[in-house]
Amino acid sequence: MNARLNNLVNRAKNPRDKNFRNHLYIFLICCGISLFIWFLIKMSDDYVTDIRIPLAYTNVPADKQLNNRGDKLSVRLRANGSDLFSVKYFSRKDKITVNLRQADLRRSRYFDKYYFLTEQFSTEISSRYDFDHTLLGISPDTIYLDLEEIISRRLPVRVNVDLEFKPQYMLYDSISVAPSEIMVSGPASIVDTLSVIYTEKQKFSGLGSNVTAVIPIIPPVRNKTVRYSETEVELNIAVEQFTESSIELPVNGITDDSGISAIRTFPEKVEVTYRVALKDYPLVKPEMFRLTAFFNPEKDRGKTFLRVRAEKQPEFVRITRIEPDKVEFIIQK
């Protein structure tokens, strides 16, 4: 077979065999005409074929998100072969628009979903073809809609900062951000998993005064369906110069044992070393402090020392050391 084919090719290429080439061309033309006539005869018959048409959704409820992607209808038609051939391979498959505000939506009994019957589009599908045809069916007969609820939550903002201060300078108060909460809106399946929003990491060096800066947040979810009321926050860092001082304060021996009238400590006073901002130093008064040594009859019986603790102190003071931090005691009944 290959030898015969090669022989025909060689004869067709041979410039001296012109008569053979002419007969070959006539044969090929006749085959082409026969094939074309056969095609026209076949196209005149009726055929059944399936045409796939995509769906597009509009007017989705504001409090819902539609998660359906790539829904298509398979339309079965019977028509002339040439018409079906043209529609299937050469015409555009324009989408069928489903207006969810007007569509005959129904609520499923068994699933938390809505659905609609595709037979409601039979008239629209039939009218889009300008040739004689018969609509045999639409598949699937039911389209289920994945409509997810859109919710909103306020999430706290957490800063991520690295602070370095000048000597004797410290953070005066807790770092604040404005706003302290950000509203996040999106599909419930995503928003319900979120708990906090962090800012981008920032480093501040050589701090010797208050700092105000605007820094971006890091979206916990980068999804087009999730929206954030703010994309950045204002950071406020209060910085003050601190000094260290000390004060001598009495120790109050206390207990919850009703059989003990008093507990005396030795020494009766201890030295408290603290740090305070220079601007608050004149405000420090001894009566702002209260030191206690608590005697627990179950745990401390037989001991000779009690630990001294600061039960009360000014909010703007940071105690760094109590000397001594343990005192001897005697029980008075």
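A brief report on the enclosed structure follows. Every value quoted in this text rests on a predicted model; they were computed, and no experiment measured them.

## Overview of the side chain of T273
(1) Moving on: Looking at where T273 falls in the secondary structure, it is placed in strand β21 (residues 269-277).
(2) Moving on: Classification of T273 as buried rests on a relative accessible area of 5%.
(3) Moving on: Residue contacts for T273: discarding those within four places in its chain leaves E244, S245, S246, R318, I319, T320 and R321.

## Digging into the packing of aromatic side chains
(1) Moving on: Applying the stated criterion to the full structure yields five aromatic pairs.
(2) Moving on: Considering the side-chain rings of Y115 and Y144, the 5.6 Å spacing of their centres and the 45° angle between planes classify their relative orientation as tilted. With Y115 in strand β6 (residues 114-117) and Y144 in strand β8 (residues 142-145), the pair connects residues that are 29 residues apart, well separated along the chain.
(3) Moving on: According to the relative accessible area criterion, Y144 is partly exposed, its value standing at 40%.
(4) Moving on: A ring pair is formed by Y274 and F289, whose centres lie 6.0 Å apart and whose planes are at 45°; its orientation type is tilted. Within this pair, whereas Y274 is found in strand β21, its partner F289 is found in the loop between β21 and β22 (290-295), the two being separated by 15 residues in sequence.
(5) Moving on: Y274 sits in the buried class, given a relative accessible area of 3%.
(6) Moving on: Of the aromatic side chains, those joined through ring pairs into one cluster are Y57, F116 and F121.
(7) Moving on: The ring of Y172 has K279 sitting right over it, with the charged end atom 4.4 Å from the ring centre.

## Observations concerning the nonpolar core
(1) Moving on: Counting 24 residues, the largest nonpolar core has I182, V184, I197, F204, Y228 and V233 as its most contacted members.
(2) Moving on: At the level of secondary structure, the elements contributing two or more residues to this core comprise β9 (147-158), β13 (181-187), α5 (188-191), β15 (202-207), β16 (211-218) and β18 (232-237).
(3) Moving on: Per-element tally for this core: the top contributor is β16, with four residues.
(4) Moving on: Non-local contacts of V233, meaning those with residues more than four positions away in its chain, are made with V157, V177, A178, P179, I182, T199, A213, V214, I215 and I217.

## Focus on the environment of S209
(1) Moving on: Along the polypeptide, S209 turns up in the loop between β15 and β16.
(2) Moving on: Assessed through its relative accessible area of 46%, S209 is described here as partly exposed.
(3) Moving on: With 32 residues separating them in the primary sequence, S209 and Q241 have C-alpha atoms 8.5 Å apart.

## Here we look at the sheet that holds β6
(1) Moving on: As summarised here, the arrangement of the three strands in space is β5-β6-β8, forming an open sheet in which the pairing is antiparallel. The open sheet has two edge strands with one neighbour each: β5 (106-107) and β8.
(2) Moving on: The pairing of β6 with β8 spans four bridges and is antiparallel. By the bridge assignment for β8, Y115 is matched with Y144.

## Focus on the environment of F266
(1) Moving on: Residue position: F266 is located in strand β20 (residues 262-266).
(2) Moving on: Its relative accessible area of 34% is what places F266 among the partly exposed residues.
(3) Moving on: Spatially, the C-alpha atoms of F266 and E328 are 5.0 Å apart, while their sequence positions differ by 62 residues.
(4) Moving on: When residues no more than four places from it in sequence are discounted, the contact partners of F266 are V327, E328 and I330.

## Overview of the pattern of salt bridges
(1) Moving on: Per the stated rule, a full pass over the model turns up eight salt bridges.
(2) Moving on: Between K64 and D63 there is a salt bridge, with its nearest N and O atoms 3.4 Å apart.
(3) Moving on: For D63, a relative accessible area of 41% puts it in the partly exposed group.
(4) Moving on: For E240, the salt bridge goes to K279, with nearest N and O atoms at 3.6 Å. Here E240, found in strand β19 (residues 239-255), pairs with K279, found in the loop between β21 and β22; they are 39 residues apart in sequence, far enough to count as distant.
(5) Moving on: Its relative accessible area of 22% is what places E240 among the partly exposed residues.

Reading the values: rules and limits
Residues numbered from 1 in each chain as written. Predicted model: local features only at pLDDT ≥ 70, side-chain atom pairs only at ≥ 80, totals over all residues. Heavy atoms only, no water. Helix = DSSP H or I, 4+ residues; strand = E, 2+ residues; numbered from the N terminus. Buried < 20%, exposed > 50% of the residue type's maximum accessible area, 1.4 Å probe, protein only. Contact = heavy atoms within 4.5 Å. Phe/Tyr/Trp six-rings, centres within 6.5 Å; stacked < 30°, edge-to-face > 60°. Lys NZ or Arg CZ within 6 Å of the ring centre and 35° of its normal. Core = buried A, V, L, I, M, F, W, Y, C linked by side-chain atoms within 4.5 Å. Pairing = 2+ DSSP bridges. Salt bridge = Lys/Arg side-chain N within 4 Å of Asp/Glu carboxyl O.

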